[in-house]
Amino acid sequence: VDSERTWIQSLSFEDDLASKYLVSLERSMSHFSGASHEQLTSSLERFIAVLVGMFALILGMVMVGTLTSGLTQRYIIEGNAARQMATLKTYLRQNEISKNLMKRVARNAQRAISGDLPADSVQLLQVISEPLKAQLHFEMYSRLLAYHPLFYDLMNDKNALMRRFCNEATSILLLVTGDVVFSLWE
């Protein structure tokens with residue numbers, strides 16, 4: 001290997017470190033595009049070029065595979081949501097629901113699909129222990145309840161009571177403008 005001339009010697013870059021670095025970087029980057037501007041002059045250079053080429057090929061395959069997988073997952077998720085919306089609209093039309101109510105229902109369903117996940121849709125939440133669920137509910141709801149002075153005081157004084165309250169007496173209700181939550185005599 002010592003008797004063979006390297007590209008550094010053949011291009012007279014032996015003394016200039018910056019030139020060596022730039023040419024090395026340029027040659028390494030050329031492997032990503034598949035082009036090589038200089039002929040390799042030693043076996044060691046060829047071996048390293050093959051290794052870099054294989055690395056570039058594998059890296060490219062991993063990048064393309066990751067991108068393709070992500071796009072496929074997004075397509076499946078969005079396709080499922082679109083099918084659900086189409087099914088809902090078909091159901092509403094079949095039952096002769098008014099246009100105004102149909103729009104409200106579709107808008108509400110769209111927000112529900114694209115918004116926060118309800119706990120029912122997360123299957124693994126069904127298998128965690130009750131004490132962990134209680135802790136989870138406390139962290140979810142206590143921040144919201146702390147705005148009310150009564151709950152704020154209870155949180156500071158009787159933390160166990162608030163943990164139980166958050167676990168057993170609170171839930172999330174999805175609403176949109178125009179929904180009636182309370183009515184007279186209810």
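The rules behind each value
- Residues numbered from 1 in each chain as written.
- Predicted model: local features only at pLDDT ≥ 70, side-chain atom pairs only at ≥ 80, totals over all residues.
- Heavy atoms only, no water.
- Salt bridge = Lys/Arg side-chain N within 4 Å of Asp/Glu carboxyl O.
- Helix = DSSP H or I, 4+ residues; strand = E, 2+ residues; numbered from the N terminus.
- Buried < 20%, exposed > 50% of the residue type's maximum accessible area, 1.4 Å probe, protein only.
- Patch = residues over 30% accessible without salt bridge, like charges linked within 9 Å, V, L, I, M, F, W, Y side chains within 5 Å.
- Areas by Shrake-Rupley, 256 points an atom, 1.4 Å probe, with all protein chains shown as cover.
- Lys, Arg positive; Asp, Glu negative; His and termini not counted.
- Charge placed at Lys NZ, Arg CZ, Asp CG, Glu CD.
- Core = buried A, V, L, I, M, F, W, Y, C linked by side-chain atoms within 4.5 Å.
- Contact = heavy atoms within 4.5 Å.
- pLDDT = per-residue confidence, 0-100.
- Phe/Tyr/Trp six-rings, centres within 6.5 Å; stacked < 30°, edge-to-face > 60°.
- Lys NZ or Arg CZ within 6 Å of the ring centre and 35° of its normal.
- Axes fitted to C-alpha atoms, helices over the stretch in contact; angles between N-to-C directions.
- Parallel < 35°, antiparallel > 145°, perpendicular 65-115°, else oblique.
- Nonpolar A, V, L, I, M, F, W, Y, C, P; charged D, E, K, R; others polar.

Novice: Got a sec to walk through the pattern of salt bridges? Specific residues and values, please.
Specialist: Evaluated as defined, the whole model comprises two salt bridges. Here K133 ties to E130 by a salt bridge, and the two come within 3.5 Å at their closest N and O atoms. You can see K133 and its partner E130 sitting in helix α5 (residues 130-145), three residues apart, about one turn around the helix. When the shortest N-O distance is used, the salt bridge between E168 and R164 registers 3.3 Å. Placement of the pair is E168 and R164 together in helix α7 (residues 159-168), with a separation of four residues, close to one helical turn. Comparing E168 with R164, the two get one shared label, exposed.

Novice: Could you give an account of a positive patch on the surface, with specific residues and numbers?
Specialist: Judged by side-chain charge, K89, R93, K99, K103, R107 and R111 come together as a positively charged surface patch. Those elements giving two or more residues to the positive patch turn out to be α3 (43-94) and α4 (99-114). Here K99 is to be found in helix α4. K99 sits in the exposed class, given a relative accessible area of 62%.

Novice: Could you give an account of the nonpolar core, naming the residues involved and the relevant values?
Specialist: Ranked by size, the top nonpolar core spans seven residues in total: F138, Y141, L145, F151, M155, M162 and C166. Within the residue set of this core, elements represented by two or more residues are α5, α6 (149-157) and α7. Of the residues forming this core, the biggest block, three residues, is contributed by α5. Residues within four places of Y141 in sequence aside, it is in contact with C166, T170, S171 and I172.

Novice: Please set out the environment of I97 residue by residue, giving values where relevant.
Specialist: Within the secondary structure layout, I97 lies in the loop between α3 and α4. Judged by its relative accessible area of 27%, I97 falls in the partly exposed class. Each residue touching I97, except ones within four places of it in the same chain, is listed here: L92 and M102.

Novice: Break down the confidence of the model for the protein chain for me, citing the residues and quoting the values.
Specialist: Across the protein chain, the average pLDDT comes to 77, with 74% of residues at or above 70. Element-level mean pLDDT values for the protein chain span from 67 in helix α2 (residues 17-33) up to 83 in α5.

Novice: Can you lay out the packing of aromatic side chains for me, pointing to particular residues and giving the numbers?
Specialist: Applying the stated criterion across every chain yields a total of one aromatic pair. Above the face of the F138 ring, R163 is positioned so that its terminal group lies 4.3 Å from the ring centre.

Novice: Just give me the short version of the packing of α5 against α7, but keep the residues and values in it.
Specialist: Relative to each other, α5 and α7 sit at 95 degrees, their axes nearing to 8 Å. Taken together, the axes of α5 and α7 lie roughly perpendicular to each other. Contact residues: K133, A134, Q135, H137, F138, Y141, S142 and L145 in α5; N159, M162, R163, F165, C166 and N167 in α7. Classifying every residue of the contact of α5 with α7 by side-chain character gives seven nonpolar, five polar and two charged.

Novice: Outline the side chain of K133, listing residues and values.
Specialist: K133 sits in the buried class, given a relative accessible area of 16%. Beyond its immediate stretch of four places on either side in the chain, K133 contacts L125, Q126, I128 and N167.

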